[in-house]
Amino acid sequence: MRKILMIGAAFVGLAANSAMAQVSGNAVKIGVLNDRSGVYADLSGEGSVVAARMAAEEFGNKILGKPIEIVFADHQNKADVAANKAREWIDQDGVDLILDIPNSGAALAVQEITRDKKTLMINTGGATSRLTGDACSPTGFHWVYDTHSLAVGTAQALVKEGGDSWYFISADYAFGQQIEADTSAEVKKAGGKVVGSVKAPLNASDFSSFLLQAQSSGAKIVGLANAGGDLINAIKQASEFGLTQSGTQNLAALLMFISDVHAMGLQAAQGLMLTTGFYWDMDDETRAWSRKYMERTKRMPTMVQAGSYSAVRHYLKAVDAAGTDSGPAVAAKMKELPVEDMFAKNAKILPNGRMVHDMYLARVKKPAESKGPWDYYQILRTIPGDVAFAKFEDSGCKPPAK
């Protein structure tokens, strides 16, 4: 009996060691790659790092008996900087997952590298629908929103309310081009028309010439296909120009975050329609998590930051279930497991890595309607995930040849 017990104990020990040996570099490493100093720092930045840490803490900062390490870097909104950091993390530092990556150009560059190196990438900050379209990857995931879901929510709602002519002021890089194209398609599908557009550079401080062109177009809706600091500047300057005071033109913020509303104030942002994947005041679960987050950051989370928590949590569940941090194995397990947390309810992951969850059409409250700090949105309706996001067969993603 003693021999049997000793053999059994040895077998258990070997099995445990074998499981732990499946973790490369003796740690599961997560790299949060985003904008920490520029126009997207508030909506992503350090807040996404905090959210990732909160998810890791739920696992006791260990998985498969190994520590969970979270590192971070600033990609400066440059695709080459993002690509170089991704290579360094994977080749030299043993990073297993690269997370967040706002700026669609940077996101596409990183996904190309992670695809080749069979490393996980979960994008929570970038918008381009190409990430799960023609640029899809077996180890790439798109978690929070994309240009298709944003267009479906905001464009369809505004055209139905009479905003049937559009002019776009678009960021002059991948995100702006893609969201303008996706929104234009939804406007036309709903019976509206696009009368023109103009491209504005990233980090533009002066939108006067672009706003004048939009004003002279006579379009009922001026679609702002930009985000972060650029969006805030455009909205503030549109108010100064009197563009929205005429009563004949309205602004549509195609990608707006609660951090943007907080920065510009309800007086400037009131009445704007937007589509979001998360709002802190949705239910008891979102409120409880968001208050814990606010204790650390002194701010309520954006949908990117809440989505980063959800993405890391699901990733760690998949690592645990797969018994390894190998990219392809974890990717397969992520697609197999249901997504259920405070961010996403009854959600699913398509074969192209698109996480399908409900989106929400919201209106920014008037100052008199707000009950206090961060009480900024009125949720108008829920957009079911299957409506918000493109079906796999319509995405343009071609699975790799076997």
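Figured I'd write up the structure that's included with this text.

Cut-offs applied
- Each chain carries its own residue numbering, running from 1 in the direction its sequence is written.
- Note on the predicted model: pLDDT of at least 70 is required for a residue's local features to be given, and 80 or more for side-chain atom pairs to be given and counted; whole-chain, interface and lining totals, by contrast, use all residues.
- Only hydrogens and water are set aside when side-chain values are computed; all heavy atoms of the structure are taken into account.
- Here, a strand pair is defined by DSSP locating no fewer than two bridges between the strands.
- Runs of E in the DSSP output that reach at least two residues are strands. Runs of H or I that reach at least four are helices, and both are numbered from the N terminus.
- The contact definition used throughout considers only heavy atoms, calling two residues in contact when any of these lie within 4.5 Å.
- With axes taken as lines fitted to C-alpha atoms, and helix axes fitted only over the stretch in contact, angles between N-to-C directions fall between 0 and 180 degrees.
- Relative accessibility thresholds used throughout: buried, under 20% of the residue-type maximum; exposed, over 50%; partly exposed, between the two (1.4 Å probe, protein chains only).
- Here, the term disulfide refers to a pair of cysteine sulfur atoms separated by no more than 2.5 Å.
- Orienting the strands away from the viewer, one traces the path from the first strand over the helix to the second; a clockwise path indicates a right-handed crossover.
- Stacked, tilted and edge-to-face are the three classes applied to pairs of Phe, Tyr and Trp rings, where Trp contributes its six-membered ring and a pair requires centres within 6.5 Å; stacked means planes under 30 degrees apart, edge-to-face means over 60, and tilted covers the rest.
- By this rule the span expected of a helix is its residue count minus one, scaled by 1.5 Å.

### Let's talk about the sheet that holds strand 3 (residues 66-74)
- What the six strands build is an open sheet, ordered 2-3-1-4-5-6; its pairing is mixed. The outermost strands of the open sheet, each flanked by one partner alone, are strand 2 (62-63) and strand 6 (140-142).
- Of the strand pairs in this sheet, strand 5 (residues 120-123) and strand 6 are connected by three bridges, and their pairing is parallel. Counterpart to Ile-122 in the pairing with strand 6 is Phe-141.
- Sheet strands in contact with helix 2 (residues 45-57) are strand 1 (28-34), strand 3 and strand 4 (97-100), and its direction is about 175° off that of strand 3.

### Here we look at the pairing of strand 9 (residues 221-225)
- Taking burial as the measure, the five residues of strand 9 include five buried ones, the bulk of the element.
- Two elements, strand 7 (residues 165-171) and strand 9, share five bridges in a ladder whose sense is parallel. Looking at the pairing, Phe-168 lines up with Gly-223 of strand 9.
- Of the strand pairs in this sheet, strand 9 and strand 10 (residues 250-253) are connected by four bridges, and their pairing is parallel. Bridge pairing in strand 10 places Leu-224 opposite Ala-253.

### So, the state of the cysteines
- Taken as a whole, this structure holds one disulfide when the rule is applied.
- At a sulfur-sulfur separation of 2.1 Å, the disulfide partner of Cys-136 is Cys-397. Disulfide Cys-136 to Cys-397: torsion about the S-S bond roughly 80°, handedness right-handed. With Cys-136 in the loop between strand 5 and strand 6 and Cys-397 in the segment after helix 14 (385-388), this pair connects stretches of sequence that are 261 residues apart.

### Let's talk about the pairing of strand 5
- In strand 5, alternate side chains face the same way, and those of Leu-120 and Ile-122 on one face and Met-121 and Asn-123 on the other are all buried.
- Following the chain from strand 4 across helix 4 (residues 104-117) to the adjacent parallel strand 5, one finds a crossover that is right-handed.

### Here's the deal with the packing of aromatic side chains
- Inspection of the entire model under this criterion finds 10 aromatic pairs.
- Ring centres of Phe-278 and Phe-343 lie 6.0 Å apart, and the angle between their planes is 25°; this geometry places the pair in the stacked category. Taken as a pair, Phe-278 in the loop between strand 11 (273-276) and helix 11 (284-297) and Phe-343 in the loop between helix 13 (327-336) and strand 12 (348-349) lie far apart in primary sequence, 65 residues in all. Summarising the burial analysis for this pair, Phe-278 and Phe-343 share the class buried.
- Through a chain of ring-to-ring contacts, three or more aromatic side chains come together here, namely Tyr-279, Trp-280 and Tyr-377.

### So, helix 12 (residues 303-322)
- Look at helix 12: 28 Å from first C-alpha to last across 20 residues, which is about the 28 Å you get at 1.5 Å a residue.
- The element helix 12 is largely enclosed, with a buried count of 15 among its 20 residues.
- Backbone geometry just downstream of helix 12 places Gly-323 in the positive-phi region, at approximately 70°.

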